[in-house]
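Descriptive structure summary
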Amino acid sequence: QVQLVESGGGLVQAGGSLRLSCAASGRTFTNYNMGWYRQAPGKERELVAVITSAGERTNYADSVKGRFTISRDNAKNTVYLQMNSLKPEDTAVYYCTAIYGTITWGQGTQVTVSS
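Keep in mind it's a predicted model, so treat the numbers as computed, not measured.

**Looking at the pairing of strand β4 (residues 33-39)**
Taking burial as the measure, the 7 residues of β4 include 5 buried ones, the bulk of the element. Sheet topology places β4 next to strand β9 (residues 92-100); 7 bridges connect them, and they run antiparallel. The residue of β9 that forms the bridge with Gly-35 is Thr-97. As paired elements, β4 and strand β5 (residues 46-51) share 5 bridges and run antiparallel to each other. Bridge pairing in β5 links Tyr-37 to Leu-47. The hairpin turn running from β4 into β5, its antiparallel successor, is 6 residues long, and Gly-42 in that turn takes a positive phi close to 75°.

**Focus: the state of the cysteines**
In a disulfide, the sulfur atoms of two cysteines are held together by a covalent bond. Following the criterion strictly, the structure yields 1 disulfide and no others. In this model, Cys-22 is linked to Cys-96 through a disulfide, with the two sulfur atoms separated by 2.1 Å. The chirality of the disulfide connecting Cys-22 with Cys-96 is left-handed, given an S-S dihedral of about -80°. Of this pair, Cys-22 sits in strand β3 (residues 18-25) while Cys-96 sits in strand β9; the two residues are 74 residues apart in sequence, bridging distant segments of the chain.

About the cut-offs
Residues numbered from 1 in each chain as written. Predicted model: local features only at pLDDT ≥ 70, side-chain atom pairs only at ≥ 80, totals over all residues. Heavy atoms only, no water. Buried < 20%, exposed > 50% of the residue type's maximum accessible area, 1.4 Å probe, protein only. Helix = DSSP H or I, 4+ residues; strand = E, 2+ residues; numbered from the N terminus. Pairing = 2+ DSSP bridges. Disulfide = S-S within 2.5 Å.

This is the structure we're talking about:
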């Protein structure tokens, strides 16, 4: 099973930027489509962005289109989420996922956007 470790979360003012990273280990990284989910307090977990195994296709939630960019570096076994023009409603725990039949979750990283 693949193991995932997220980093890069923190506190930022509205309009600012953060880049989340997710380092994968344990299995062949290029087998997996990768995704980022988030869960805000009192809300259901939602898919933010996904990228295919070779990085040729991406998909985004409508709420983040044009502001967030998912990318991956298969040589480093790492997937990224660049978040620009952050809004207070982006405040959530962000989870990295590896998708290959089943979904493997990271432990999550907190992103807090102040107004």
